[in-house]
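Summary of the model geometry
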Amino acid sequence: MFMSRPFAALAAIAMLVSPAVAVAQADPTPGATTTAAHPVSRSPFWDDARRGWHFYEDPEPEVLPPVLPKPAQPKAEPRRRDTRAPELIEFEQLQKRLEEYRNIAIIRPSEDNVRRYMQLEAQVVRQASYFSDVAQRVAWATPELDMTLQGRPVNSRAIEVFDREQSNSRAQSMSDLARSHVLFFFFRSDCPYCHAFAPTLEAFSARFGVQVVPISVDGKGLPNFPTFRRDNGIARTLQVTQVPAVYLAEPFTGKIMPIGFGVLSESQLLERIATVTAPGADAYVPSITRRVNLQ
């Protein structure tokens with residue numbers, strides 16, 4: 001029986017393909033490129049008779065990367081309006097520009113950079129000088145704003161008057177304090193500074209009528225104060241670590257305040273006593289005021 005021409009062609013193709021497949025399966029030579037050595041993930045459609053010649057396979061779905069949500073953009077804060085006085089803004093800008101010019105001139109001291117900084121600095125100095133002149137004129141016309149009229153004056157003639165009036169006022173205050181206060185004088189018989197300070201303290205007592213209570217820390221006296229009291233522990237209570245030492249004491253209240261250590265002049269004694277007894281003076285350094293039972 002003779003086959004028709006199309007079937008004969010198919011048979012010839014099958015004969016040509018079959019030996020090649022058989023050889024590839026029988027001779028797996030290393031390095032040879034064959035379909036048996038590298039099998040595909042799926043068999044071709046002609047090896048699956050159930051799907052037929054005209055079977056169409058849908059392509060595998062494409063896997064897309066997950067879409068991440070975009071980070072939320074921070075909301076821009078509304079720009080606040082500068083409510084300061086324009087003079088303050090101008091002054092701040094001038095300060096910033098002066099500092100920038102100076103820093104640039106320091107790092108790059110070229111002629112132009114240095115000149116630019118010096119010109120701006122001269123402008124600032126002129127402005128400050130103008131302010132000083134205006135302030136001086138205002139002080140001259142307003143006595144309560146003139147600092148030369150507050151406290152100790154600067155004029156030599158006025159200083160004489162001020163010192164005299166202040167001395168008279170302090171002397172009167174010291175005479176009033178002498179009625180209720182005494183001076184504790186801590187000394188040591190072998191202390192040369194105590195010997196030098198004793199005459200001054202004796203004259204001060206005679207002038208203002210304030211009583212001096214001499215207290216010897218070594219049990220011996222001084223020529224100016226032959227009558228004295230021995231230290232009974234009050235020096236340790238008051239933390240007297242150096243002599244001569246002077247304390248202002250109020251016996252009825254037990255209040256004791258330090259006046260000074262070492263050799264003091266009469267004017268220093270008067271000034272310091274007036275300072276520590278001024279109204280509200282205890283509030284400045286409350287820890288130095290002691291309360292001791294002196295009865």
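Residues numbered from 1 in each chain as written. Predicted model: local features only at pLDDT ≥ 70, side-chain atom pairs only at ≥ 80, totals over all residues. Heavy atoms only, no water.

1. Considerations on helix α4 (residues 156-177)
Worth spelling out the cut-off: Only DSSP runs of H or I with at least four residues qualify as helices, and only runs of E with at least two residues qualify as strands; both kinds are numbered from the N terminus onward. How far a helix is expected to stretch is found by multiplying one less than its residue total by 1.5 Å. Under the scheme applied here, a residue whose accessible area is under 20% of the maximum for its type counts as buried, over 50% as exposed, and between as partly exposed, the area being computed with a 1.4 Å probe on protein chains only. As used here, the arc belongs to the directions running from the helix axis to the C-beta atoms. The contact criterion used throughout is that any non-hydrogen atoms of two residues lie within 4.5 Å. A 3.5 Å cut-off defines polar contacts: any pair of N or O atoms within that distance qualifies, except that in protein one atom must be a possible hydrogen donor and the other a possible acceptor, and neighbouring residues in sequence count only when both atoms are side-chain atoms.
The end-to-end C-alpha distance of α4 is 31 Å, a good match for the 32 Å that 22 residues give at a rise of 1.5 Å each. What α4 keeps buried is the set Arg170, Ala171, Met174 and Leu177. Along the axis of α4, the buried residues cluster in a sector spanning 120°; they form a single face. Close packing links the buried residues of α4 with α5 (192-208) and α7 (266-276). If you check the start of α4, you find a side-chain oxygen 2.9 Å away from the backbone N of arginine 157, and it comes from asparagine 155.

2. Points about the packing of α5 against α7
Filter applied, for reference: For helices, the fitted line uses only the C-alpha atoms of the stretch in contact; every axis is such a line through C-alpha atoms, and the angle between N-to-C directions lies from 0 to 180 degrees. Here roughly perpendicular refers to angles of 65 to 115 degrees, roughly parallel to angles under 35, roughly antiparallel to angles over 145, and oblique to all remaining angles. Note on convention: near helix rotated counterclockwise from far helix by under a right angle means a left-handed crossing. Clockwise means right-handed. Gly is placed with the polar residues, together with every amino acid not listed as nonpolar (Ala, Val, Leu, Ile, Met, Phe, Trp, Tyr, Cys and Pro) or charged (Asp, Glu, Lys and Arg).
Here α5 crosses α7 at 60°, and the two axes come no closer than 10 Å. Regarding the angle of α5 to α7, the classification is oblique. By crossing handedness, the relation of α5 to α7 is classed as right-handed. Contact with α5, carried on its side by Phe197, Thr200, Leu201, Phe204, Arg207 and Phe208, involves Glu266, Leu269, Leu270 and Ile273 of α7 and no other residues of that element. In the contact of α5 with α7, the residues fall into seven nonpolar, one polar and two charged.

3. A closer look at the sheet that holds strand β5 (residues 255-261)
Counted only if it meets this: Pairing between two strands requires that DSSP report at least two bridges joining them.
Strands sit in the order β3-β2-β1-β4-β5-β6 across an open sheet of six strands; the sheet is mixed. Edge positions in the open sheet fall to β3 (229-230) and β6 (290-291), since each of these has one partner strand only. Both strand β2 (residues 211-216) and β3 contribute to a ladder of two bridges, which runs parallel. Across the sheet, the residue bridging to isoleucine 215 is arginine 229, located in β3. With respect to the sheet, α5 is in contact with β1 (182-187), β2 and β4 (245-250), its orientation differing from that of β1 by roughly 170°. Most of the contacts of α7 go to β5, to which it runs at about 145°, and overall it touches β1, β4 and β5.

4. Focus: the side chain of threonine 289
Note that threonine 289 resides in the loop between α7 and β6. Discounting chain neighbours no more than four positions away, the residues touching threonine 289 are Lys255, Ile256, Met257 and Asp282.

5. Describing the packing of helix α2 (residues 86-107) against helix α3 (residues 111-141)
Direction vectors running N to C along α2 and α3 enclose 150°, while the axes themselves pass 8 Å from each other. It follows that α2 is roughly antiparallel to α3 by the angle criterion. The element α2 and its partner α3 pack so that their crossing is left-handed. When α2 is examined against α3, the residues Leu94, Arg97, Leu98, Tyr101, Arg102, Ile104 and Ala105 are found in contact with a partner set consisting of Asn113, Val114, Arg116, Tyr117, Leu120, Glu121 and Val124. For the contact of α2 with α3, the per-class residue count stands at nine nonpolar, one polar and four charged.

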